[in-house]
Amino acid sequence: QVQLVESGGGSVQTGDSLRLSCAASGITFSNYAMAWFRQAPGKEREFVAVLFRNTHTYYGDSVKGRFTISRGGVRNTVDLQMDTLRPEDTAVYYCAAGRAILSSIRNINAYAYWGQGTQVTVSA
């Protein structure tokens, strides 16, 4: 019933920008934390950004100042604007949804629903 679908990934060069989108069905954004995580080869899944209760945004330290999470132009979509991309941003990016409380928004276990991911590759 709940489905999250990411799109917008691709291959770019250092300094370029990409905009990812997550389309959600079966949930109401106001009742969930909507987040982006990423996972690079050989590394644990990393918190990137979250839109909490459709009002507040929080970011991981590695992307703060470069990435922006926001509601998309289409109802029940969440976007991730990624600017000044670096090779270390290369990863599969996942959209996630969960009934997280504020203190657990960075924890992958707080999210019950996940998309299949979209690949972002940044070349030097």
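The structure under discussion appears in the preceding block.
Bear in mind the structure is a predicted one, so any value in this text is a computation, not a measurement. (Residues numbered from 1 in each chain as written. Predicted model: local features only at pLDDT ≥ 70, side-chain atom pairs only at ≥ 80, totals over all residues. Heavy atoms only, no water.)

With that out of the way, let us pick up the state of the cysteines. Covalently bonding the sulfur atom of one cysteine to the sulfur atom of another cysteine gives a disulfide. Scanning the entire structure with this criterion turns up one disulfide. Through a disulfide, Cys22 is tied to Cys95; the S-S separation comes to 2.0 Å. Judged by the sign of its S-S torsion, about -75 degrees, the cystine formed by Cys22 and Cys95 is left-handed. Here Cys95 lies in strand 9 (residues 91–98) and Cys22 lies in strand 3 (residues 18–25), a separation of 73 residues in the sequence. Judged by its relative accessible area of 0%, Cys22 is buried. (Disulfide = S-S within 2.5 Å. Helix = DSSP H or I, 4+ residues; strand = E, 2+ residues; numbered from the N terminus. Buried < 20%, exposed > 50% of the residue type's maximum accessible area, 1.4 Å probe, protein only.)

Attention now goes to the pairing of strand 3. Residues Leu18, Leu20, Cys22 and Ala24 point to one face of strand 3 and are all buried, whereas Arg19, Ser21, Ala23 and Ser25, pointing to the other face, are not buried. With six bridges joining them, strand 3 and strand 8 (residues 77–82) adopt antiparallel strand pairing. What sits directly across from Arg19, in strand 8, is Gln81. (Pairing = 2+ DSSP bridges.)

Next up on the list: the pattern of salt bridges. Working definition: two side chains of opposite charge can pair if their charged atoms are close together. Going through the model one piece at a time under the given rule, you end up with four salt bridges. The salt bridge involving Arg38 is made with Asp89; its shortest N-O contact spans 2.9 Å. With Arg38 in strand 4 (residues 33–39) and Asp89 in the loop between strand 8 and strand 9, this residue pair connects regions lying 51 residues apart in the sequence. Here Arg38 and Asp89 have matching classes, each one buried. Where salt bridges share partners, they join Arg38, Glu46, Arg66 and Asp89 into one cluster. (Salt bridge = Lys/Arg side-chain N within 4 Å of Asp/Glu carboxyl O.)

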